[in-house]
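As a plain string of letters, each chain reads:
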Amino acid sequence: MAIQATILPTGPIMLSGDLGEFQIVGADGQAFDIAGKEKVYLCRCGASTNKPFCDGTHSKIGFLAAEGAVKSGG
Ligand code: FES
């Protein structure tokens, strides 16, 4: 199964599929340890204290994804 990125409504991006060879690398070039994980959740609200991974904070801050955001005036 290919790797799939699923954008969860008002939440993280879920990576699933064959993550065995997949790497997530930080700006410092170091890979995050995702060995053995079947799913990985990447924060897209910006509020996680465990970036790049989601820690559930999006639900506490009322994160609304762009597709659900209210348009600003102007
Ligand atoms: S998307 Fe979950 S903490 Fe940011």
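First, a word on scope: everything that follows refers to the structure included in this document. Predicted model, so just to flag it, every value in this text is computed and none were measured.

Rules used throughout
- Residues numbered from 1 in each chain as written.
- Predicted model: local features only at pLDDT ≥ 70, side-chain atom pairs only at ≥ 80, totals over all residues.
- Heavy atoms only, no water.
- Helix = DSSP H or I, 4+ residues; strand = E, 2+ residues; numbered from the N terminus.
- Buried < 20%, exposed > 50% of the residue type's maximum accessible area, 1.4 Å probe, protein only.
- Polar contact = N/O pair within 3.5 Å; in protein donor to acceptor, adjacent residues only side chain to side chain.
- Contact = heavy atoms within 4.5 Å.
- Phe/Tyr/Trp six-rings, centres within 6.5 Å; stacked < 30°, edge-to-face > 60°.
- Core = buried A, V, L, I, M, F, W, Y, C linked by side-chain atoms within 4.5 Å.
- Pairing = 2+ DSSP bridges.

Attention shifts here to the side chain of serine 48. Take serine 48: it is sitting in the loop between strand E3 (39-42) and helix H1 (57-61). What makes serine 48 buried here is its relative accessible area of 3%. Within the structure, serine 48 has its side chain in polar contact with the backbone oxygen of phenylalanine 53 (distance 2.5 Å). Look past the residues within four positions of serine 48 in its chain and what remains in contact with it is Cys43, Phe53, Cys54, Asp55 and Thr57.

This part is about the packing of aromatic side chains. Scanning the model with the defined rule gives one aromatic pair in all. Ring geometry for phenylalanine 32 and phenylalanine 53: centres 5.5 Å apart, planes at 90°, overall edge-to-face. Taken together, the residues phenylalanine 32 in the loop between strand E2 (13-16) and E3 and phenylalanine 53 in the loop between E3 and H1 connect sequence positions 21 residues apart.

It is worth spelling out the nonpolar core at this point. Listed in full, the seven residues of the largest apolar core are Leu15, Leu19, Ile24, Ile34, Val40, Leu42 and Phe53. Every residue in contact with phenylalanine 53, bar those within four places of it in the chain, is listed here: Ile24, Phe32, Ile34, Val40, Tyr41, Leu42, Cys43 and Ser48.

Attention shifts here to the pairing of E3. Side chains Val40 and Leu42 of E3 all project onto a buried face; the interleaved residues Lys39 and Tyr41 project onto a face where none is buried. Alignment of E2 against E3, held across four bridges, turns out to be antiparallel. The partner of methionine 14 across the bridge, within E3, is tyrosine 41.

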